[in-house]
Amino acid sequence: MSHYDINKVRADFPILSREVYGKPLVYLDNGATTQKPLCVLDAMREEYLNVNANVHRGVHYLSQQATDLHEAAREKVRQFINADKTSEIIFTRGTTESMNLVASSFCDAFMHEGDEVIVSTMEHHSNIVPWQLQAQKKGIVLRVIPMSDEGILDLEAFDSLISERTRLVSVAHVSNVLGTVNPVREIVRRSHQRDIPVLVDGAQSAPHLAIDVKDMDCDFFAFSGHKMYGPTGIGVLYGKEKYLDRMPPYQGGGEMIGTVTFEKTTYADLPFKFEAGTPDYVATHGLARAIDYMLSLGMDNISAHERELTRYAMEKMQAVEGMKIFGTAPDKDAVISFLVGDIHHLDMGTLLDRLGIAVRTGHHCAEPLMRRLGIQGTVRASFALYNTKEEVDALVAGIERVSRMF
């Protein structure tokens, strides 16, 4: 059953009708970045043409208009993830900066040498490297939740990792390689029983699932605009006020100050304490329009469409001779990583590209996970609200054609 008019939706994304190497484009690299609907591009062009001025503190008309749009975007994000207050919504350049902000400022406020952070085997590098930087600086320790071969986190092992030195748990909501939807509510519940806060990497969940940070009860939640039909270079960090208030600024400069003298600086109130310098106020407006677009289709409809597509693709792909799919957890979302026989992932991706099919190849910024799986990399097809079963059929036919060449 159709959840929305897919042809009407595809018309909102002109790039989807272009050709590559004389073949219709089949864009299945949405886990890396999504295409942008005309309404987002139009909104940003409109702002540059008619409202462009630096936000906050400007007394003139354009500055006040631009500020209104920027702060309206913050309110839109607050509603989208059901946060309590706009002061808990910090604009960043993306999930990576959001994760780095927490790693840096949280460690400064709450962690000492020997204190521990728990992450999982399936984390993106942006939830590994920032903690390793802190380990080098402050001597904190990284603990890792193991997983099964299917890509399911071992929660009993997680319980045993928690110690009196654990200060934070930081996990992906959805794996960017396996598609596993992790039980973040349960992870939060178990962590909170020991008064340990939880950071959730929502880069791969915010585009696909209805997010409710109050229901999840996570303490921090990070996501990126460009993976959810918005512009690049804009992201969000949600944080509970009780932590953000006590964390020092991540960067210094304009906007984040209360008062400055050469002897002492006081900091602005939340969220501005964490927003040094001129924000990308046009991108925040673009992000707000992207959220409007997703909500107009309905997050439940988007999720149902993508789940159906993923189920259909799994079924079709498993029938391909020599197919090995990584990530077979029962709760799986919009991502399929695979290898076929002895064909190198780069060869498969390159030849699919010649057929007009855009997929991602490599370690997907998850090298520790690749080592756990005993491989160097995979081919990854990732789906979005505009993909179709016909495109899945084209992918499967393409894989079979490439396989025959080997």
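Structural data are supplied above this passage.
Right, let's talk about the packing of aromatic side chains for a bit. Across all of its chains, the model carries 11 aromatic pairs by this definition. Each ring, one from Phe13 and one from Tyr293, has its centre 5.7 Å from the other, and the planes form 85 degrees; the classification is edge-to-face. Pair noted here: Phe13 is in the loop between α1 (6–11) and β1 (19–20) and Tyr293 is in helix α10 (residues 281–297), with a separation of 280 residues, a long-range link. Residue Phe13 is classed as buried on the basis of its relative accessible area of 1%. Here the aromatic rings of Phe106 and Phe110 are separated by 4.7 Å at their centres, their planes lie at 40 degrees, and the arrangement is tilted. On the criterion of helical spacing, the pair formed by Phe106 and Phe110 is a turn pair, its members being four residues apart in helix α4 (residues 95–110).

Okay, the packing of α10 against helix α11 (residues 299–318) next. In a pair of packed helices, the angle between the axes and the distance between the axes together describe the arrangement. Contact geometry of α10 with α11 gives a least axis separation of 5 Å together with a crossing angle of 75 degrees. In terms of orientation, α10 and α11 fall into the roughly perpendicular class. Facing Met294, Leu295 and Leu297 of α10, the residues of α11 in contact are Met299, Asn301 and Ile302. When its residues are assigned to classes, the contact of α10 with α11 shows five nonpolar, one polar and no charged.

A contiguous patch of positive charge, built from Lys23, Arg354, Arg401 and Arg404, is present on the exposed surface. Tracing the backbone through its elements, the reader meets Arg354 in helix α12 (residues 345–354). On the basis of relative accessibility, which here comes to 47%, the residue Arg354 falls in the partly exposed class.

Take Asp219: it is sitting in the loop between α8 (213–216) and β9 (220–224). A distance of 2.7 Å separates the side chain of Asp219 from the backbone nitrogen of Val198, its partner in a polar contact. When sequence neighbours within four positions are dropped, the list of residues in contact with Asp219 reads His192, Ile196, Pro197, Val198, Tyr238, Gly239, Lys240 and Tyr243.

Here we take up the side chain of Ser126. As for its placement among the helices and strands, Ser126 is situated in the loop between β5 (116–120) and α5 (129–138). Looking at Ser126, the relative accessible area reads 7%, which means it is buried. Aside from chain neighbours lying at most four places away, what touches Ser126 is Thr96 and Met99.

Moving on to the pairing of strand β8 (residues 198–201). Burial along β8 is two-sided: Val198 and Val200 facing one way and Leu199 and Asp201 facing the other are all buried. Bridge analysis of strand β7 (residues 166–172) against β8 gives four bridges, and the strand direction is parallel. Looking across to β8, one finds that Val171 is bridged to Val200. Where the polypeptide runs from β7 across helix α7 (residues 184–192) and back to β8, its parallel neighbour, the crossover connection is right-handed. Where β8 lies against β9, three bridges are found, and the strand directions are parallel. Counterpart to Val200 in the pairing with β9 is Phe221.

Basis of the calculations
Residues numbered from 1 in each chain as written. Predicted model: local features only at pLDDT ≥ 70, side-chain atom pairs only at ≥ 80, totals over all residues. Heavy atoms only, no water. Phe/Tyr/Trp six-rings, centres within 6.5 Å; stacked < 30°, edge-to-face > 60°. Helix = DSSP H or I, 4+ residues; strand = E, 2+ residues; numbered from the N terminus. Buried < 20%, exposed > 50% of the residue type's maximum accessible area, 1.4 Å probe, protein only. Axes fitted to C-alpha atoms, helices over the stretch in contact; angles between N-to-C directions. Parallel < 35°, antiparallel > 145°, perpendicular 65-115°, else oblique. Contact = heavy atoms within 4.5 Å. Nonpolar A, V, L, I, M, F, W, Y, C, P; charged D, E, K, R; others polar. Patch = residues over 30% accessible without salt bridge, like charges linked within 9 Å, V, L, I, M, F, W, Y side chains within 5 Å. Areas by Shrake-Rupley, 256 points an atom, 1.4 Å probe, with all protein chains shown as cover. Salt bridge = Lys/Arg side-chain N within 4 Å of Asp/Glu carboxyl O. Lys, Arg positive; Asp, Glu negative; His and termini not counted. Charge placed at Lys NZ, Arg CZ, Asp CG, Glu CD. Polar contact = N/O pair within 3.5 Å; in protein donor to acceptor, adjacent residues only side chain to side chain. Pairing = 2+ DSSP bridges. Right-handed = clockwise from strand over helix to strand, strands pointing away.

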